[in-house]
Amino acid sequence: QVQLIESGGGLVQPGGSLRLSCAASGDSMRLPTMGWYRQPPGKQPELVATKTDGGITNYAGSVKVRFTISRDNAKNTVDLQMNTLKPEDTAVYYCNVDGVTYYSRPGYATVTNDKYWGQGTQVTVSS
């Protein structure tokens, strides 16, 4: 089992910045893709940004340039730096992992399509 612990949400004024952090608990595993999704009030969830363990990033068009995703493969953490925040960025932000490779011992791996979600952290952008 993989558990995702999120932090960094809060209330900021338009134009401000926040940094979200997510840590995946678990030993001896590789996480091919980590990222962030968000759900604005009254709307369906949407992708914000993802990053593979090989460094490939994917951003929603509305957050390009303003947001930056980063990760530490050794620590299984992923961060989202959010700058120039707008009221429309207000949402619950969810950390996500897509796929888990488990290493029980050297030279042995179990590749799965397991997916995990954090419990969400509220980001509110308002004056």
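Report follows, based on the coordinates. Numbers given for residues are sequential positions, taken from 1 along each chain in its written order. Confidence filtering applies because this is a predicted model: local features only for residues at pLDDT of at least 70, side-chain atom pairs given and counted only at 80 or more, and all residues used for totals across whole chains, interfaces and linings. Side-chain calculation: all heavy atoms of the structure are included, whereas hydrogens and water are not.

## Concerning the environment of Gly-8
Stage number 1. Counting from the N terminus, the helices are the DSSP runs of H or I reaching at least four residues and the strands are the DSSP runs of E reaching at least two. Assignment of secondary structure puts Gly-8 in the loop between strand E1 (3–7) and strand E2 (10–12).
Stage number 2. In this structure the C-alpha to C-alpha distance between Gly-8 and Pro-45, which are 37 residues apart in sequence, comes to 19 Å.
Stage number 3. Any two residues whose heavy atoms approach within 4.5 Å at even a single point are treated as in contact. In this structure, Gly-8 is in contact with Leu-18, Arg-19 and Leu-20, ignoring residues within four places of it in sequence.

## Things to note about the state of the cysteines
Stage number 1. In plain terms, two cysteine sulfur atoms within 2.5 Å form what is called a disulfide here. Under the counting rule described, the total for this entry stands at one disulfide.
Stage number 2. Paired through a disulfide, Cys-22 and Cys-95 show a sulfur-sulfur distance of 2.1 Å. Its S-S torsion of approximately -85° makes the covalent link between Cys-22 and Cys-95 left-handed. With Cys-22 in strand E3 (residues 18–25) and Cys-95 in strand E10 (residues 91–105), the pair connects residues that are 73 residues apart, well separated along the chain. Side by side, Cys-22 and Cys-95 carry an identical accessibility label, which is buried. Each residue gets one of three labels from its accessible area relative to the maximum for its type: buried under 20%, exposed over 50%, partly exposed in between, using a 1.4 Å probe on protein chains only.

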